[in-house]
Amino acid sequence: MTVIQILGSGSLIPDWAEALESREFGSVWGPLGEFEILWLADKLAFARWRMIPNSAEAELLHIAVDTAHRRVGVAKRLMVECSKYLAANGCASLHLEVRASNIPAQKLYESLGWRRINVRKAYYGDGEDAAIFCLSG
Ligand SMILES: CC(C)(COP(=O)(O)OP(=O)(O)OC[C@H]1O[C@@H](n2cnc3c(N)ncnc32)[C@H](O)[C@@H]1OP(=O)(O)O)[C@@H](O)C(=O)NCCC(=O)NCCS
């Protein structure tokens, strides 16, 4: 698996990654915002993060793996690669929000040592709760 990284405010997202994002999340977020980084694994997975300015924190915004390539460790390898880069660039604390019903994603984070620290009630537009996870180095 080859992983590449895209940095820079306004950078465009490849079509295949936007198609995957649209399938999994129902919308696309478009070009990278300030402090955002996108990791791309071949043409089958992506992870979008934001380094939070003036802090030692970063937030996972979205991760998705093509359905035909799941459960073979792609997301895990991508998460490890992202975490290493972020740690090496001053982000000692990582966090994310995930739908309470998204058990596969929560299992993924737990398998990597992330801890569930909180629940935000009715966080999503449809009323679903968000589980908050963190990883501190
Ligand atoms: C969540 C997601 C990224 C996992 O990707 P993946 O490449 O299949 O995950 P991996 O193969 O790296 O799995 C690593 C570990 O996570 C856990 N895991 C992953 N998918 C799981 C599932 N469906 N059920 C239970 N555990 C799961 C397991 O512990 C797994 O280790 P194992 O296979 O040795 O048991 C993928 O299912 C996906 O793209 N989902 C849709 C998008 C999404 O929900 N993103 C997260 C919210 S931003």
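Residues numbered from 1 in each chain as written. Predicted model: local features only at pLDDT ≥ 70, side-chain atom pairs only at ≥ 80, totals over all residues.

What about the environment of Met51?
Then, in step 1: For Met51, the location among the structural elements is in strand β3 (residues 45-52).
Then, in step 2: Assessed through the 19 C-beta atoms surrounding it within 10 Å, Met51 is described here as partly exposed.
Then, in step 3: C-alpha of Met51 to C-alpha of Asn89: the two residues are 38 residues apart in sequence and 9.4 Å apart in space.
Then, in step 4: What Met51 contacts, discounting residues up to four positions off in sequence, is Phe35, Ile37, Ala58 and Cys91. (Helix = DSSP H or I, 4+ residues; strand = E, 2+ residues; numbered from the N terminus. Buried ≥ 20, exposed ≤ 12 C-beta atoms within 10 Å, placed from the backbone. Contact = placed C-beta atoms within 7 Å.)

What about the sheet that holds strand β4 (residues 57-65)?
Then, in step 1: Strand order across the open sheet formed by seven strands is β1-β2-β3-β4-β5-β7-β6, with mixed pairing between neighbours. This sheet does not close on itself; its edge strands, each paired only once, are β1 (3-7) and β6 (115-120). On average, adjacent strands in this sheet sit at an angle of 25 degrees to one another, irrespective of strand direction.
Then, in step 2: Sheet analysis places strand β2 (residues 36-41) next to β3, joined by six bridges and oriented antiparallel. Looking across to β3, one finds that Leu40 is bridged to Phe46.
Then, in step 3: Against the sheet, helix α1 (residues 15-25) touches β2, β3 and β4, its axis set at about 90 degrees to β4. (Pairing = 2+ DSSP bridges. Axes fitted to C-alpha atoms, helices over the stretch in contact; angles between N-to-C directions.)

Examining the pairing of β6
Remember that side chains alternate between the two faces of the sheet whenever the strand is regular.
Then, in step 1: With zero of its six residues buried, β6 lies for the most part at the surface.
Then, in step 2: Two elements, β6 and strand β7 (residues 130-136), share five bridges in a ladder whose sense is antiparallel. Across the sheet, Val119 pairs through a bridge with Ala131, a residue of β7.

Some remarks on the nonpolar core
Then, in step 1: Grouped together as the largest cluster of nonpolar side chains are 31 residues, with contacts concentrated most on Trp39, Ala45, Phe46, Ala47, Trp49, Leu78 and Cys82.
Then, in step 2: Among the secondary structure elements, those contributing two or more residues to this core are α1, β2, β3, β4, α2 (74-88), β5 (93-99) and β7.
Then, in step 3: Beyond its immediate stretch of four places on either side in the chain, Phe46 contacts Ala17, Leu20, Leu38, Trp39, Leu40 and Ala64. (Core = buried A, V, L, I, M, F, W, Y, C linked by C-beta atoms within 7 Å.)

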